[in-house]
Amino acid sequence: MNASRISAIARVLLAGTALGSAGVAMAQEQAAAPADRDVIIVTAQKREQNLQDVPIAITALGNEKLKDLQVSELQDVVKFLPSVTIQTGGPGFSQVYFRGVASGENANHSASLPTVGTYLDEMPVTTIQGALDIHAYDLARVEALAGPQGTLYGASSMAGTIKMVTNKPDYSGSYGSADVELNSVAHGDVGGTIEGFYNARLSDNAALRLVAWYRHDGGYIDNIPGSRTYPSSGITQNNSAYAKDNYNDVDTYGARLALGIELDENWTVRPTVMGQIQNANGSFSQERSTAVTGDLQTVQYNPEFSKDKWLQAALTIEGKIGSWDLVATGGQLWRKDHVESDYSDYAYFYDALYGYGAYFYDNNYDLVSPNQYIQGGDTYRRSFGEIRISSPQDNRLRLIAGLFAQRQRHEITQNYIVDGIADINTVPGTASDIWLTRQTRVDRDYAAFGELSFDVTDKLTLTGGARLYNYKNSLVGFFGYARNFSSRTGVSACFTTTGAPLNQNPGGTLAPAIVDGSPCTNLDKSTSDTSAIYKLNATYKINPDVMVYATWSQGFRPGGINRRGTLPPYRPDKLANYEIGWKTQIGSATFNGAIYQEDWNDIQLSFLGENGLTEIRNAGIARIRGIEADLAYRSGGLSLSLGGSYNDATIRRDFCRIANPNFDCTFDPGDGRTNALLAASGSQLPVTAKFKGNAVARYEFPVGTWEGHFQGALGYIGKRRSDLRDSENAIKGDFPSYTTLDLSAGIKRDGLRFELFATNLFDERGIVNSGVQCLETTCGDPDGISNTGGVFYDVVIKPRVIGIKAGFDF
């Protein structure tokens, strides 16, 4: 980080302190009183309820708790959600999993939808590449709903749902807050944050809330100098133009504007607009230590960065029709990202293994460097609408029912570029693409849903729910090589005017391209289904402070299209959940938990097949047995909390290379393909640890006329498989367990606050993802330096960060 940036952040920090001192007389303390701080209102069942009254396994972090835990992004939140695991490749590219329901999905643009739904207020914002990386500021709470939430939340809430709920405009008064932060990451650079909000009371029944933020995360991965020589041509490349210390810095900035209007005592209108831009440089992986690279180092030969920007516009109308509540909500989400990635490892090892470098020549047939890099982009547009009604909640018989519809259009562009190659080997219409993916994917989901609850007695309540759904998903466009470079894929497989592919009709005329920017069309498929999922629940209140419940619920994930035309569409997979849980509050202590079994059927298993194309098959059955619990206690200035989960998640049938109804890995399909056992029955599902836990202790005490605090937060995640398949997991290795410790200490008075903090104090290198660019059957060299291996990359958690915060309310 340069000196001018450090100086600028420091000036802002000092200015914020001065403004806070000047505004002490008019400051308003917005923190809740201690007695209210432990009461969290959630909307897990589409209505406001005390968390302790909801018969669902929920972890909820309120506004104050999010601040206390130094939460600024989704990865920070997940540390304190015992049933949740995150797998990330960097900012904006994260997948979230509940209770071990993970098969190693690679989040490819043409692959399965996520198993976890992400909501921003009322709107689902899940995209194929994962959850939005929303900066966590001015959030009322984050709710993590474990287990299938399909009846009320639908598709992609098969394993659970994460809800990020923003603070609404407040009619009671005009006030605001501003916070600044300066931090330093170990082995890396300096970062900082500036954020604030202002709530403007416009009248007795109208208010406006404006929120804005800017965050700079200092880099900590060094792209060190390196060179390599391609065997076929003898051409040597180096990375002198891109070598840089701390090259993975990130800038995030955005804003939210919300308007609240009470039309009368029954009707409220809330339009909201929220957007964010995130620019991330470099990559977030370190190479496994070799003779060349060490801790937090990599050697990359091409530009690497991503720019992710999104805008959400939503409208919620709440009112009453007689004694019934009505909520109508809808919105649009626009998301666009541009990514550039180094792909030279793939080029190098293919050349070393098969001499592919000999195929890369210019128009004069002179060999060129096979160095390969990717320029990609995704454009999403999601439209959403839901209308629901609910009967009075004090009725003995209660109903909530509604209609839901959403449509997401995803424009996919991936340019795999080798500079200077001959025109005959260049994908038509591109400058120097050896491979082009240009596709349009559309995912549609429609549903009618409802839940009916009946109080059998004043202690026993029975609930039944159902969701009738219809989905239709399509994928159309082009992927592959130029006609001269391949006779099987790309242009050779494009449709001619007769409908036959060009390689079966060599003299035919190519049909016009359906997707703009593509030379022709070699994929045009859709799949759809109509079905239903159900839920049953029995809740018994032993007394006002102790509740037990039993639930059977189902969730589903829509099927989709395999872009390899010879493979059929993949079907929906479903999750059945059998759960017994409890909610207890005894004095100042709460103890909540659940014991469950989840049966996962027709698992959508994805892996890289021929030519590195993702293939998805319904080829598995898994069972997850687990327990999760959290304990919280508060007395005076002391608060303690413990949370943990144990999940034994295994496949129950052999996973075969060629799927078949009997799960027989000796099955011969008779088409020349060879079957094989990829993972034996009883293998652990990947990514998720058997045990994950956290503990938080906080003590608040007077310091003269100030209120002080000290807090420690401990997090642990156990060993995990990196891949479901036995051979690939043996190559990449298990992810080791790791423990993190966060500490903070601060003071506040009359709306003015200061805090010192440290996260990941022990500077752990917890691995959350890994990858390698080479053939899946030839990645056998762990040193990454031989001509027959690959370079292994591990995405690690952020090193130790030490910082200071200052803020004031006004």
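On a predicted model such as this, the values are computed, not experimentally measured, just so you know.

**Q** Looking at this structure, I do not really get the overall build of the chain. What am I missing?
**A** When its secondary structure is counted, the chain shows seven helices and 42 strands. The globule rule puts the C-alpha radius of gyration for 810 residues at 28 Å, and the 27 Å found for the chain is close to it. Judged by the C-alpha coordinates and their principal axes, the chain covers about 80 × 60 × 50 Å. Out of the 810 residues in the chain, the part that is buried amounts to 58%. For the chain, the accessible surface area stands at approximately 31,500 Å², while carbon and sulfur atoms represent 57% of it. Charge-centre separation for the chain: the mean point of 72 positive side chains lies 4 Å from the mean point of 88 negative side chains.

**Q** Would you explain the sheet that holds strand β18 (residues 285-287) in this entry?
**A** As a general point, the strands of a sheet are linked pairwise by backbone hydrogen bonds and lie either parallel or antiparallel. Pairing within the open sheet is antiparallel, and its three strands lie in the order β18-β41-β40. With partners counted over all chains shown, the strands left at the sheet margins are β18 and β40 (767-772), one partner each. Each adjacent strand pair in this sheet contributes to an overall mean axis angle of 30 degrees, direction not counted. The pairing of β40 with strand β41 (residues 792-796) spans five bridges and is antiparallel.

**Q** Is there a simple way to explain the state of the cysteines in this structure?
**A** Chemically, a disulfide is nothing more than a covalent bond linking the sulfur atoms of two cysteines. One pass over the structure, following the stated rule, counts two disulfides. Across the disulfide from Cys494 sits Cys520; the S-S distance is 2.0 Å. Between Cys494 and Cys520 the sulfur-sulfur dihedral comes to about 65 degrees; the bridge is accordingly right-handed. Pair noted here: Cys494 is in the loop between β25 (460-480) and β26 (523-543) and Cys520 is in the loop between β25 and β26, with a separation of 26 residues, a long-range link. For Cys494, a relative accessible area of 0% gives the class buried.

**Q** It is not clear to me how the pairing of strand β38 (residues 738-749) should be interpreted in this structure. Could you clarify?
**A** A regular strand carries its side chains on alternate faces of the sheet. In this sheet, β38 lies alongside strand β37 (residues 706-717) in antiparallel orientation, the contact comprising 11 bridges. In the strand pairing of β38, Ile717 is matched with Tyr738. Pairing geometry for β38 and strand β39 (residues 752-759), over seven bridges, is antiparallel. Counterpart to Lys748 in the pairing with β39 is Arg753.

**Q** Please explain the packing of aromatic side chains as it appears in this structure.
**A** By convention here, two paired aromatic rings are described through the distance between centres and the angle between planes. All told, the structure shown has 25 aromatic pairs when counted by the stated rule. With 5.9 Å between their ring centres and 85 degrees between their planes, Tyr356 and Tyr359 make a pair best called edge-to-face. Exposure remark for Tyr356: the relative accessible area of 35% places this residue in the partly exposed category. Residue classification places Tyr359 among the partly exposed residues on the basis of a relative accessible area of 48%. Chaining the aromatic ring pairs together yields one cluster made of Tyr343, Tyr346, Tyr350, Tyr354, Tyr356, Tyr359, Phe360, Tyr416, Trp435, Phe479, Tyr481 and Phe485. Across the ring face of Tyr596, the terminal group of Arg99 is positioned such that the distance to the ring centre comes to 3.7 Å. Over the ring of Phe404 we find Arg467; its NZ or CZ atom is 5.0 Å from the centre of that ring.

**Q** Quick question: what am I supposed to make of the pattern of salt bridges here?
**A** Any two side chains of opposite charge can pair, given that their charged atoms come close. A full pass over the atoms with the stated rule returns 40 salt bridges. One salt bridge connects Asp308 with Arg335, and the closest N-O pair in it is separated by 2.8 Å. Separated by 27 residues along the polypeptide, Asp308 in strand β20 (residues 305-321) and Arg335 in strand β21 (residues 324-342) bring together distant segments of the chain. Here Asp308 matches Arg335 in class, with each residue buried.

**Q** Which parts of the structure should I look at to understand a nonpolar patch on the surface?
**A** Taken together, the side chains of Leu397, Leu452, Phe454, Val456 and Leu462 make up a nonpolar region of the molecular surface, amounting to roughly 390 Å² of accessible area. Take Phe454: it is sitting in strand β24 (residues 433-455). A relative accessible area of 34% places Phe454 in the partly exposed class.

**Q** What's the story with the confidence of the model for the chain in this structure? I'm lost.
**A** Interpretation of this model should avoid reading the predicted coordinates in detail wherever pLDDT is low. Looking at the chain, the pLDDT average stands at 89 and 92% of residues meet or exceed 70. In this model residues 1-37 is a low-confidence stretch, pLDDT under 50, and it forms 51 contacts with partners more than four residues away in sequence or in other chains. Predicted confidence for residues 775-788 stays below pLDDT 50, and this span has 32 contacts to residues more than four positions away or in other chains.

**Q** Any chance you could explain the side chain of Thr759 here in plain terms?
**A** Inspection of the secondary structure assignment puts Thr759 in strand β39. You can call Thr759 buried: its relative accessible area is 16%. Those residues in contact with Thr759 that sit more than four places away from it in its chain are Gln70, Leu741, Asp742, Pro799, Arg800 and Val801.

**Q** Help me out: how do you make sense of the environment of Glu318 in this one?
**A** As for its position among the elements, Glu318 is in strand β20. Looking at Glu318, the relative accessible area reads 27%, which means it is partly exposed. Along the primary structure Glu318 and Val269 are separated by 49 residues, whereas in three dimensions their C-alpha atoms are 6.6 Å apart. Once residues lying within four places of it in the same chain are set aside, the contact partners of Glu318 are Asn266, Trp267, Thr268, Arg270, Leu326 and Val327.

**Q** Help me understand the sheet that holds strand β6 (residues 116-120) in this model?
**A** Overall, mixed pairing links the five strands, which are arranged β3-β8-β9-β6-β7 in an open sheet. Edge positions in the open sheet fall to β3 (58-62) and β7 (123-124), since each of these has one partner strand only.

**Q** Would you explain unusual backbone geometry in this entry?
**A** The bulk of non-glycine residues show a negative phi, and the bulk of peptide bonds are trans. With a phi angle near 50 degrees, Asn246 is a residue other than glycine that sits in the positive phi range. On the basis of relative accessibility, which here comes to 17%, the residue Asn246 falls in the buried class. With a phi angle near 50 degrees, Asp750 is a residue other than glycine that sits in the positive phi range.

**Q** What should I look at first to understand the nonpolar core in this one?
**A** Most often, soluble globular proteins keep nonpolar side chains buried together rather than apart. Counting residues in hydrophobic clusters, the biggest one holds 81 residues, and the most contacted among them are Ile58, Val84, Phe98, Trp600, Phe655 and Leu685. Residue contributions to this core peak at five residues, all from strand β8 (residues 139-146). Apart from the residues lying within four places of it in its own chain, the contact partners of Leu685 are Gly100, Ala102, Trp600, Ala622, Ile624, Ala649, Thr650, Ile651 and Leu724. The next biggest cluster of nonpolar side chains, apart from the first, holds 18 residues, and it includes Val368, Ile374, Val418 and Leu475.

**Q** Explanation requested: the side chain of Thr298 in the structure shown.
**A** If you trace the backbone, Thr298 turns up in strand β19 (residues 297-298). Residue classification places Thr298 among the buried positions, given a relative accessible area of 0%. In this structure the side chain of Thr298 is engaged in a polar contact, spanning 3.1 Å, whose partner is the side chain of Glu287. Here Gln300 takes part through its side chain, which lies 3.0 Å from a polar atom of the side chain of Thr298. Leaving out residues up to four positions away in the same chain, Thr298 has contacts with Ile221, Asp222, Asn223, Ile224, Tyr247, Ser285, Glu287, Thr293 and Tyr793.

**Q** So what exactly am I meant to see when it comes to the pairing of β8 here?
**A** Judged by how many residues are buried, β8 sits mostly within the fold: eight of eight residues are covered. Pairing of β3 with β8, which is carried by five bridges, proceeds in the antiparallel orientation. Following the sheet pairing, Thr59 is matched in β8 by Ala144. Of the strand pairs in this sheet, β8 and strand β9 (residues 160-166) are connected by seven bridges, and their pairing is antiparallel. Directly across from Arg141, in β9, lies its bridge partner Val165.

Parameters and conventions
Residues numbered from 1 in each chain as written. Predicted model: local features only at pLDDT ≥ 70, side-chain atom pairs only at ≥ 80, totals over all residues. Heavy atoms only, no water. Helix = DSSP H or I, 4+ residues; strand = E, 2+ residues; numbered from the N terminus. Rg over C-alpha atoms; globule rule 2.2 N^0.38 Å. Buried < 20%, exposed > 50% of the residue type's maximum accessible area, 1.4 Å probe, protein only. Areas by Shrake-Rupley, 256 points an atom, 1.4 Å probe, with all protein chains shown as cover. Lys, Arg positive; Asp, Glu negative; His and termini not counted. Charge placed at Lys NZ, Arg CZ, Asp CG, Glu CD. Pairing = 2+ DSSP bridges. Axes fitted to C-alpha atoms, helices over the stretch in contact; angles between N-to-C directions. Disulfide = S-S within 2.5 Å. Phe/Tyr/Trp six-rings, centres within 6.5 Å; stacked < 30°, edge-to-face > 60°. Lys NZ or Arg CZ within 6 Å of the ring centre and 35° of its normal. Salt bridge = Lys/Arg side-chain N within 4 Å of Asp/Glu carboxyl O. Patch = residues over 30% accessible without salt bridge, like charges linked within 9 Å, V, L, I, M, F, W, Y side chains within 5 Å. pLDDT = per-residue confidence, 0-100. Contact = heavy atoms within 4.5 Å. Core = buried A, V, L, I, M, F, W, Y, C linked by side-chain atoms within 4.5 Å. Polar contact = N/O pair within 3.5 Å; in protein donor to acceptor, adjacent residues only side chain to side chain.

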